[in-house]
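For reference, the chains in residue letters:
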Amino acid sequence: MCSVCLSTPCHSRCPNAPEPVPVLECAMCHEGIFDGEEYLETEKGPMCRDCVEELSVTDFMELVGAEFSAARKEE
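Description of the structure in this document. (Residues numbered from 1 in each chain as written. Predicted model: local features only at pLDDT ≥ 70, side-chain atom pairs only at ≥ 80, totals over all residues. Heavy atoms only, no water.)

Before going further, it helps to examine the overall build of the protein chain. Scanning the protein chain from terminus to terminus reveals two helices and four strands. The helix and strand sequence of the protein chain, counted from the amino end, reads β-β-β-β-α-α. For 75 residues, the compact-globule formula gives about 11 Å, and the C-alpha radius of gyration of the protein chain, at 21 Å, lies well above that figure. Dimensions of the protein chain along its principal axes, counting C-alpha atoms only, are 80 × 20 × 15 Å. Buried residues in the protein chain amount to 19% of all 75 residues. Contacts in the protein chain between residues far apart in sequence, at least 24 positions, make up 3% of those at least 6 positions apart. Averaged over its 5 positive side-chain charges, the protein chain has a centre that lies 9 Å from the centre of its 16 negative ones. (Helix = DSSP H or I, 4+ residues; strand = E, 2+ residues; numbered from the N terminus. Rg over C-alpha atoms; globule rule 2.2 N^0.38 Å. Buried < 20%, exposed > 50% of the residue type's maximum accessible area, 1.4 Å probe, protein only. Contact = heavy atoms within 4.5 Å. Lys, Arg positive; Asp, Glu negative; His and termini not counted. Charge placed at Lys NZ, Arg CZ, Asp CG, Glu CD.)

On to a negative patch on the surface. On the surface, a cluster of negative charge is contributed by D35, E37, D50 and E54. In this structure, D50 sits in helix α1 (residues 49-54). (Patch = residues over 30% accessible without salt bridge, like charges linked within 9 Å, V, L, I, M, F, W, Y side chains within 5 Å. Areas by Shrake-Rupley, 256 points an atom, 1.4 Å probe, with all protein chains shown as cover. Salt bridge = Lys/Arg side-chain N within 4 Å of Asp/Glu carboxyl O.)

Glancing now at the layout of surface pockets. What the largest pocket holds in volume is close to 170 Å³. A27, M28, K44, M47, L55, D59, E62 and L63 together form the lining of the largest pocket. Among the elements that make up the lining of the largest pocket, the one with the highest residue count is helix α2 (residues 57-64) (three residues). Of the residues in the lining of the largest pocket, the class split is five nonpolar, no polar and three charged. (1 Å grid on protein atoms, 1.4 Å probe; cavity = no way out; pocket = protein on both sides within 12 Å on 5 of 7 lines; lining within 4 Å. Points joined across faces, edges and corners; volume = space filled by probe spheres on them. Nonpolar A, V, L, I, M, F, W, Y, C, P; charged D, E, K, R; others polar.)

Moving on, we get to the environment of R72. Within the element layout of this structure, R72 appears in the segment after α2. Between the C-alpha atom of R72 and that of P18, which follows or precedes it by 54 residues, the distance is 60 Å.

It is worth spelling out unusual backbone geometry at this point. With an omega of -5°, the peptide bond between T8 and P9 qualifies as cis. You can see P9 is positioned in the segment before β1 (24-25). Within the chain, L6 stands out as a residue other than glycine whose phi angle is a positive 60°. Among the structural elements, L6 can be located in the segment before β1.

So, about the side chain of T42. With respect to the helices, strands and loops of the structure, T42 is situated in strand β3 (residues 39-42). Take T42: its relative accessible area is 11%, and that puts it in the buried class. Within the local environment of T42, its side chain forms a polar contact with the backbone oxygen of G45, the two atoms lying 2.5 Å apart. Excluding residues within four positions of it along the chain, T42 makes contact with M47 and L63. (Polar contact = N/O pair within 3.5 Å; in protein donor to acceptor, adjacent residues only side chain to side chain.)

Shown next, in the form of structure tokens:
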């Protein structure tokens, strides 16, 4: 039993608790993606939600393989 939080194992907020281990690493920022966090699987690898949300619309479309089409008047 922990002498600080009185739990076995330590509560996650306890200073004696071990550091969480990431499940994945973001391909863009190289930070850990932890259990329960949302991410996007891309051709470049997993990307954390924060990095995806920072992309411009054009960059996001390029990332997922989409592109704008030009409207053409039919004659």
